[in-house]
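Remarks on the overall topology
Spelled out from the first residue to the last, the chains are:
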Amino acid sequence: MTKHHPSNDFLMEHAAGSLPVAQAACVSAHLSYCERCRRTDGQLQTVGGAMLERLDPVSVSESLLDTVLARLEDPAPLAYAGQTEVSALPGLLQRLTNKDFSQLVWKRVTRALSISYLSTGDTSHEFALLRIAAGGRIPEHTHGGNEMTLVLEGGFSDGRDSYHPGDFIYRSSEDTHAPVALDGEDCICLTVLDAPLKFTGWQHRWLNPFLKLRAS
Amino acid sequence: MVAASCMLTGRISQVPRCGMVENKNDGEADSGRSSGKWAVPTGRRTDEWSECLVLIGKSNDRAAFTRFFRHFAPLIKAFALAGSSLSAAHADELVQEVMLKVWQKASGFNPEKAAASTWIYTIARNCRTDMFRRLQKFDTPLAADDLNIELEGEEPFTVLHTRRGSDRIKDLMGQLPPDQAQILAKVYMEGKSHSEAAAELDLPLGTVKSRVRLAIQKLQVQMDRQ
Ligand SMILES: [Zn+2]
């Protein structure tokens, strides 16, 4: 049962199809965990359907109908392969990660933190998986941009609350936090960050000698 | 396999392998079932277009498809041209793509879960997104369909709830004040983000957001207060 959800604004933009692909992927991944948001998403799509019906129709030539009728028996494009095995991972992440996390390249940032960058083609957002060792702490930091986080495995706590698989967290650039992975299991999160250039700075701060990591 | 190296530095540093982690969360991932053919529900409100889709899905009914096409193709074309986003030629191409998908996917349509208009809206929205990306040579491994989480195997309560919501939303749509209807059209029909809509209408972002929220509230879409 997820406790933390995307804002209504995000859900609305998602249903209207206007979120950038990296953010849309993160919201979608949340939907695959969260029945409540799926229900809202369904209703928001209904708004789209109702609007569609109210558009002023634009006439379509009879020959277009003929063209389509002639193509009906064309073989349908192959559905995406994969997802034959049952997995807890949302389908789109299985596609991006080639099924699971075991084949990813993880870039080690500190003893407790590794990052694996995934490509969504969205150049205005970094899309990455973070892996925090069980019980590991990430020193207090701010972000160069706004960040969406979705917990995929394990969990973490940030002093305000604790977060578990399916939980969605959005932090603006002003927020400061110092997440600590819950004990017992590594925490894997999906993060989507805008302003990737600032992210470089954020990443480089790991080299800052004043930052001490207290991994347990 | 997508690039997993650091995009900032282009370097791949140490490669600590992630041991396969145990799958928690067993509520999901039940995608094997439901290639379902659905009967038209009796004693429940249904509409002509849902019946068409059921006929297409059940028996590849070309006459039903033609009726469906004549009704929806002009609306899809209007959708394609909304905000003059696509040329007339591309709009026709979109109509073709959407209608072919209708034919291919109709067997998965469940009239108890969604209205025909909602179902085709989602297809059209995704096709248009993919077409934009193709035209802009935006290369992504994710098709818009990948980001579509279907209401699959939900509890009956949810289904009923969704269905009632759909009837109600249609009824309430006509009562929206013009400024709210205009914003919704920008967002849903033109596919503009809230900030793009704000820029085009020369309104503060906060105004756009609150108008969208008010409209959604008036349509009685159930959302959590935030
Ligand atoms: Zn949710």
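Our subject is the structure that appears above.
Please read all numbers here as calculations on a predicted model, not as lab measurements.

1. A look at the state of the cysteines
- By the definition in use, this model includes 0 disulfides over all chains.
- Its sulfur unpaired, C189 of chain A is 3.6 Å from the next cysteine sulfur, which belongs to C187 of chain A.
- Note on C189 of chain A: relative accessible area 2%, which makes it buried.
- Cysteine C52 of chain B shares no disulfide, and the gap to the nearest cysteine sulfur, in C127 of chain B, comes to 19 Å.
- When its relative accessible area of 1% is taken as the criterion, C52 of chain B is described as buried.

2. A few points about the packing of helix α3 (residues 35–54) of chain A against helix α4 (residues 116–135) of chain B
- Contact geometry of α3 of chain A with α4 of chain B gives a least axis separation of 8 Å together with a crossing angle of 95°. If you check the angle between α3 of chain A and α4 of chain B, you find them roughly perpendicular. Taking contact as the criterion, the partners of Q45, T46, G48, G49, A50, L52 and E53 of chain A in α3 of chain A are, on α4 of chain B, S117, T118, I120, Y121, T122 and R125 of chain B.
- By residue class, the composition of the contact of α3 of chain A with α4 of chain B is 4 nonpolar, 7 polar and 2 charged.

3. Considering the packing of aromatic side chains
- As enumerated under the stated definition, the model contains 11 aromatic pairs over all chains in all.
- With centroids separated by 6.4 Å and ring planes inclined at 65°, the aromatic side chains of F10 of chain A and F168 of chain A adopt a geometry described as edge-to-face. Taken together, the residues span a long stretch of sequence, with F10 of chain A in helix α1 (residues 8–16) and F168 of chain A in strand β8 (residues 168–171) at a distance of 158 residues. In this pair, the class of F10 of chain A matches that of F168 of chain A, namely buried.
- Between W49 of chain B and F68 of chain B, the ring centres sit 6.4 Å apart and the planes meet at 75°, which makes this aromatic pair edge-to-face.

4. Here we look at the coordination of the zinc ion
All names here are of chain A.
- Ligation of the zinc ion by protein atoms is provided by H5 (ND1), H30 (NE2), C34 (SG) and C37 (SG), these donors lying 2.0 to 2.3 Å from the ion.
- Coordination at the zinc ion is tetrahedral: its 4 donor atoms span angles of 99 to 116° at the metal.
- Donor residues for the zinc ion, ordered by position in the chain, follow H-x24-H-x3-C-x2-C. Each member of the pair C34 and C37 is classed as buried.

5. Examining the sheet that holds strand β5 (residues 147–153) of chain A
Residue and element names in this part refer to chain A.
- Reading across the sheet, the 6 strands line up as β1-β2-β3-β11-β5-β8 and stay open at both edges, with antiparallel pairing between neighbours. In the strand order of this sheet, the two ends are held by β1 (107–108) and β8, each with one partner.
- Here strand β3 (residues 125–132) pairs with strand β11 (residues 187–194) via 8 bridges, running antiparallel. Bridge pairing in β11 links E126 to L193.
- Sheet strands touched by helix α2 (residues 21–33): β3, β5, β8 and β11. Its angle to β5, the strand with the most contacts, is close to 40°.

6. A word on the pattern of salt bridges
Residue and element names in this part refer to chain B.
- The final tally for this structure, using the stated rule, is 18 salt bridges over all chains.
- A salt bridge links E97 to R134; the shortest N-O distance between them is 2.8 Å. Remark: R134 occurs in helix α4 and E97 occurs in helix α3 (residues 88–105); sequence separation between them is 37 residues.
- Residue E97 is classed as partly exposed on the basis of its relative accessible area, which comes to 25%.
- R134 sits in the partly exposed class, given a relative accessible area of 44%.
- Between D179 and R211 there is a salt bridge whose closest N-O contact spans 3.4 Å. In this pair, D179 is assigned in helix α6 (residues 178–189) and R211 in helix α8 (residues 205–218), connecting sequence segments 32 residues apart.
- One continuous salt-bridge network, built from bridges that share partners, spans K186, E190, K192 and E200.

About the criteria used
- Residues numbered from 1 in each chain as written.
- Chains lettered and ligands numbered in written order.
- Predicted model: local features only at pLDDT ≥ 70, side-chain atom pairs only at ≥ 80, totals over all residues.
- Heavy atoms only, no water.
- Disulfide = S-S within 2.5 Å.
- Buried < 20%, exposed > 50% of the residue type's maximum accessible area, 1.4 Å probe, protein only.
- Axes fitted to C-alpha atoms, helices over the stretch in contact; angles between N-to-C directions.
- Helix = DSSP H or I, 4+ residues; strand = E, 2+ residues; numbered from the N terminus.
- Parallel < 35°, antiparallel > 145°, perpendicular 65-115°, else oblique.
- Contact = heavy atoms within 4.5 Å.
- Nonpolar A, V, L, I, M, F, W, Y, C, P; charged D, E, K, R; others polar.
- Phe/Tyr/Trp six-rings, centres within 6.5 Å; stacked < 30°, edge-to-face > 60°.
- Donors = N, O, S within 2.8 Å, 3.2 Å for Na, K, Ca; no water.
- Tetrahedral: all angles 85-135°; square planar, octahedral: opposite > 155°, others 65-115°.
- Pairing = 2+ DSSP bridges.
- Salt bridge = Lys/Arg side-chain N within 4 Å of Asp/Glu carboxyl O.

The values are spatial; any link to function lies outside them.
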